[in-house]
Amino acid sequence: MKTNIFFIFISIGFLYSCTTESKDSENEIEPVLSSAVSFYNLPATITGEILNLEVYPNFKEVKLTIPGFEGDETEITTIIDDSGQFTIKFYPKTKREIKLYPIEDILVIQPGDSLHIVKDFKDIGNTSFHGDRAELNQQISKFRGKYLGRYPSDYTQSYLDFRNGCDKEKNNNYQRLIEFQENNLCTDEFNNWAIKQIELDFCEALFHYPLRHFARSKTELADSSEYFSFIDNLEDKFDNSIVMSGYFETTEQYMNYQIMKRQKEYQQKVANKDTIVDLIIEDLFSGTENNYLAQFSLRTYFNLSLKANKTDWIDYCSNQINAKIYDSFLRNNL
């Protein structure tokens with residue numbers, strides 16, 4: 001644990017210090033099927049009506065937030081007119097979660113959707129949805145009134161005590177979902193979203209705990225295999241049916257963990273930086289049988305590196321990008 005802070009981004013440091021010759025890529029990025037391209041570029045439209053606007057007169061606009069890699073967010077704001085109406089047109093690029101403040105913290109929408117929302121400020125806990133994905137968003141909104149996804153924040157517990165507490169809370173969350181399903185006619189689309197949300201909240205709590213606990217206790221995690229066995233659940237649930245907001249931070253934590261597992265081997269090869277970069281890229285891609293998680297992790301790694309404005313690095317890794325990242329959303333954004 002003592003080397004965690006240093007090593008989490010050691011690979012990025014290698015990239016920043018590399019001086020590699022730019023290589024002309026022999027293979028241009030492979031074109032995506034035309035149907036996928038047209039779907040990817042379709043806009044989505046959200047219209048809305050806010051009733052009893054005078055209850056919260058300070059709200060003059062609606063802000064739509066689209067999550068991105070490494071905390072990057074796209075924000076779009078629109079004015080609420082005097083009658084309480086608003087319209088936002090944007091390009092979600094895939095089926096994904098967004099946030100619409102002050103309407104809902106989570107909405108799911110995809111390219112081509114047209115969604116209408118009615119919010120009554122006198123009944124702030126309820127939202128009505130109409131149009132595309134209305135049923136899914138209605139169920140998400142209703143379920144989130146019963147589910148917060150919060151986990152213990154006592155960072156003085158031992159690692160395994162905290163893990164056991166999170167296991168119990170996750171089981172409680174699944175019981176809340178079962179009770180919700182028993183009292184509501186839930187669609188498969190909602191059930192898929194709910195399971196992913198529960199697992200992502202669970203993983204986020206467990207990923208963050210070791211560093212925070214070590215900062216307080218200076219106690220190292222002796223056997224990480226038992227603690228980090230929760231990653232099996234992540235690998236089982238992670239797919240591109242919905243790009244969850246939690247994917248971005250969770251995948252960054254997952255990427256850090258995969259790199260840390262091999263830190264001694266990487267440090268032994270520190271003299272050959274290009275080899276380390278290639279090894280890390282290969283490990284991130286081959287470290288899981290879940291191909292979409294592998295692509296997402298590699299996409300996260302590339303993004304962190306490119307934030308240093310090393311434009312020549314994209315030439316160095318272009319063959320890796322072309323060969324390994326082929327999901328439309330991940331590839332086009334890169």
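Numbers given to residues run from 1 along each chain, matching the order in which its sequence is written. Reporting of local features is limited, given that this is a predicted model, to residues whose pLDDT is at least 70; pairs of side-chain atoms are given and counted only at 80 or more, and all residues count toward the totals for whole chains, interfaces and linings. In computing side-chain values, all of the structure's heavy atoms are included and hydrogens and water are not.

Participant: Explanation requested: the overall build of the protein chain in the structure shown.
Facilitator: Each helix and strand counted, the protein chain has 15 helices and 8 strands in total. For the protein chain, the proportion of its 334 residues judged to be buried stands at 48%. Pairs of residues are marked as contacts when any of their non-hydrogen atoms sit within 4.5 Å. Taking contacts inside the protein chain between residues at least 6 apart in sequence as the whole, the part at least 24 apart equals 69%. Counting only carbon and sulfur atoms, one obtains 47% of the accessible surface of the protein chain, whose full area is about 16600 Å². Secondary structure elements are taken from DSSP: a helix is a run of H or I of four residues or more, a strand is a run of E of two residues or more, and numbering for both begins at the N terminus. Exposure is judged per residue with a 1.4 Å probe applied to protein chains only, and the accessible area is read against the type maximum: over 50% gives exposed, under 20% gives buried, and values in between give partly exposed. Residue-level accessible areas treat just the shown protein chains as cover; the underlying method is Shrake-Rupley with a 1.4 Å probe.

Participant: Sorry if this is basic, but what is going on with the sheet that holds strand β5 (residues 96–101) here?
Facilitator: For two strands to be treated as a pair, DSSP must find no fewer than two bridges joining them. Strands sit in the order β3-β2-β5-β6 across an open sheet of 4 strands; the sheet is antiparallel. The open sheet has two edge strands with one neighbour each: β3 (73–79) and β6 (104–109). Between one strand axis and the next, the sheet turns by 25° as a mean value, whatever way the strands run. Pairing of β5 with β6 involves 4 bridges; the strand directions are antiparallel. Bridge pairing in β6 links E97 to V108. Axis definition: a line fit to C-alpha positions, over the contact stretch in the case of helices; interaxial angles, taken between N-to-C directions, run 0 to 180 degrees.

Participant: For this particular structure, what's the right way to read the pattern of salt bridges?
Facilitator: When the charged atoms of two side chains with opposite charge come close together, those side chains can pair. Salt bridges, as used here, are contacts in which a Lys or Arg side-chain nitrogen is within 4 Å of a carboxyl oxygen on Asp or Glu. Tallied over the entire structure, the rule returns 11 salt bridges. With a closest N to O distance of 2.4 Å, E189 and K95 form a salt bridge. One end of the pair, E189, is in helix α6 (residues 188–217); the other, K95, is in the loop between β4 (85–90) and β5, with 94 residues separating them in the sequence. E199 is the partner of K170 in a salt bridge, and the nearest nitrogen-oxygen pair spans 3.5 Å. Of this pair, K170 sits in helix α5 (residues 159–183) while E199 sits in helix α6, and the two are 29 residues apart along the sequence. With respect to burial, K170 and E199 carry one shared label: buried. Taken together, the shared-partner salt bridges connect K95, D113, R133 and E189 into one network.

Participant: Just checking my understanding: could you explain a nonpolar patch on the surface for this structure?
Facilitator: Distance thresholds for patches are 9 Å for like charges and 5 Å for nonpolar side chains (Val, Leu, Ile, Met, Phe, Trp, Tyr), applied to residues having over 30% relative accessible area and no salt bridge. A contiguous nonpolar patch, built from V55, Y56 and I124 and spanning about 240 Å² of accessible area, is present on the exposed surface. Its place among the elements puts V55 in the loop between β1 (44–51) and β2 (61–67). When its relative accessible area of 34% is taken as the criterion, V55 is described as partly exposed.

Participant: Just to check I follow, could you spell out the sheet that holds β1 for this structure?
Facilitator: The strands making up a sheet associate through backbone hydrogen bonding, with each pair oriented either parallel or antiparallel. Read from one edge of the open sheet, 4 strands run β4-β1-β7-β8, paired in mixed fashion. Of all the strands in the sheet, just β4 and β8 (127–131) have a single pairing partner and so form its edges. Each strand axis lies, on average, 20° off the axis of its neighbour in the sheet, ignoring direction. Two strands pair when backbone bridges link them, and β1 and strand β7 (residues 114–120) are joined in this way by 7 bridges, in the parallel orientation. Bridge pairing links T47 to H116 in β7. Against the sheet, helix α4 (residues 134–143) engages β7 and β8, with an angle of about 165° to β8.

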